[in-house]
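Chain and residue survey
These are the residues of each chain, in order.
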Amino acid sequence: RQRQMCIRDSERTVDFMANCMQAVIGIGSNMGDRLKNINGAVRSLSRLPKTKITACSHVYETRPVGYEAQPLFYNAAIIVETELSAQMLLGACLGIEGAYGRVRTIKDGPRVLDLDLLLYEGMKSESFLLTLPHPRIHERAFVMVPLLDLFPSGRAPGLFFLPALHEIGTDGVERINEEITLPE
């Protein structure tokens, strides 16, 4: 698979890069205009301070997992380089979800936007607020297939997911002909 590189901000300084950590964020939506929601989330993430998007996966249409009586999802993943801590980045993701009207009423239920902090460079965490790597990556093809776009070897920093993807397969995960767009 070919890695799709997103637009880089050439105005940022080298000092910014020296203090950055790499993180991976999963993005999903199954309410309203799904692609518009994903692109809006990516635009919002690109505006975070001391954060830039360095790569993005293709967009996939996926069957719901858990609560199945709901519309199909669009899912994708992005890599960001950031000076924000994992906790701050998670807080920003939750704030963006809230700005889009995300309300958590049904476990695994419909959502206008879902932003999951999947990985954060050099960090493992098992707290009430944040578990890294995300605890269900190995159970979800809709997460691992976009990850494979970003990490074609099946090995992301601190996570070897390819055997799990081979084990569960990719049924219900179909690449669509739309792409993530970033603001210029």
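Negative phi characterises most residues that are not glycine, and trans characterises most peptide bonds. Backbone torsion omega between leucine 132 and proline 133 reads -10 degrees, so that peptide bond is classified as cis. Of note, lysine 50 is a non-glycine position whose phi angle comes to about 50 degrees, a positive value. Assessed through its relative accessible area of 48%, lysine 50 is described here as partly exposed.

It is worth spelling out the pairing of strand 1 (residues 21–29) at this point. In terms of residue burial, strand 1 counts as a mostly covered element, since seven of its nine residues are buried. Sheet analysis places strand 1 next to strand 4 (residues 73–82), joined by nine bridges and oriented antiparallel. Looking at strand 4, one finds that glycine 26 is bridged to alanine 77.

Below, the discussion takes up the confidence of the model for the protein. Residues with a pLDDT of 70 or more make up 89% of the protein, whose mean pLDDT is 87. In this model, residues 1–16 is a region of pLDDT below 50 whose contacts with residues beyond four sequence positions or in other chains number 41 contacts.

Before going further, it helps to spend a moment on the pairing of strand 5 (residues 114–120). Along strand 5, six of the seven residues are buried, which leaves the element largely enclosed by surrounding structure. Bridge analysis of strand 1 against strand 5 gives six bridges, and the strand direction is antiparallel. By the bridge assignment for strand 5, valine 24 is matched with leucine 119.

Cut-offs applied
Residues numbered from 1 in each chain as written. Predicted model: local features only at pLDDT ≥ 70, side-chain atom pairs only at ≥ 80, totals over all residues. Heavy atoms only, no water. Buried < 20%, exposed > 50% of the residue type's maximum accessible area, 1.4 Å probe, protein only. Helix = DSSP H or I, 4+ residues; strand = E, 2+ residues; numbered from the N terminus. Pairing = 2+ DSSP bridges. pLDDT = per-residue confidence, 0-100. Contact = heavy atoms within 4.5 Å.

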